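Results of the structural survey
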Amino acid sequence: MIAVRPIAADQTHDLRHRILRAHQPPEAMVYDGDKEQTSRHFGAFDSDQIVGIATLHRRPMRGSDAGHDDLQLRGMAVDDSHRGTGVGRLLLEACLDHAGDVGAPRLWCNARVSATQFYLRMGMQQRGDRYDVPDVGPHVLMVIKLDI
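One structure accompanies this document, and this report is about it. (Residues numbered from 1 in each chain as written. Predicted model: local features only at pLDDT ≥ 70, side-chain atom pairs only at ≥ 80, totals over all residues. Heavy atoms only, no water.)

Next up on the list: helix H2 (residues 87-101). An α-helix turns once per 3.6 residues; consequently, residues spaced three or four apart project the same way. Compared with an ideal rise of 1.5 Å per residue, which puts 15 residues at 21 Å, H2 spans 21 Å between its outermost C-alpha atoms and is within 8% of the ideal. Restricting attention to buried positions, one finds in H2 the residues Val87, Gly88, Leu91, Leu92, Ala94, Cys95, Leu96, His98 and Ala99. With its phi angle positive at about 75°, Gly103 sits one or two positions after the end of H2. (Helix = DSSP H or I, 4+ residues; strand = E, 2+ residues; numbered from the N terminus. Expected span 1.5 Å × (residues − 1). Buried < 20%, exposed > 50% of the residue type's maximum accessible area, 1.4 Å probe, protein only.)

Written as structure tokens, this is what we have:
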């Protein structure tokens, strides 16, 4: 059984590196904002092994006014051994629950194009066209407005 719970920022680094940024140096696994008091990191555990991660940062959505208390989802990753098993859904649900708990009006992310269908199935909407993130690849902006 998979359990999702809060983790420390440094517990995300291994999966960030292996799944999201294997071609980058280890220091690139530390994201701006990881240590901010309002940031949250979640881990999906299969027994004592972390098999999925997600990070939330308090950031206004790209292109919106800076007055919003939006949450940006970053660095969501699921180990290859657990893809397609619902781990991503559990992580995103935990992130959405947290967003509701803190009164965020919306949750957004720069999603890899390959993950677009997952986010659409989870109720998010695509905003704008595809764009390239240097050294990472093609992305789209995804957002979900929250009922608060």
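As a further point, take the sheet that holds strand S7 (residues 137-145). The mixed open sheet is built from seven strands, whose spatial order is S1-S2-S3-S4-S5-S7-S6. Two strands bound the open sheet, and with one partner strand each, they are strand S1 (2-6) and strand S6 (125-133). Taking each pair of neighbouring strands and ignoring which way they run, the sheet shows an average axis angle of 25°. Bridge count between strand S3 (residues 49-58) and strand S4 (residues 71-78): six bridges; the pairing is antiparallel. From the neighbouring strand, Ile53 faces S4, where its bridge partner is Ala77. (Pairing = 2+ DSSP bridges. Axes fitted to C-alpha atoms, helices over the stretch in contact; angles between N-to-C directions.)

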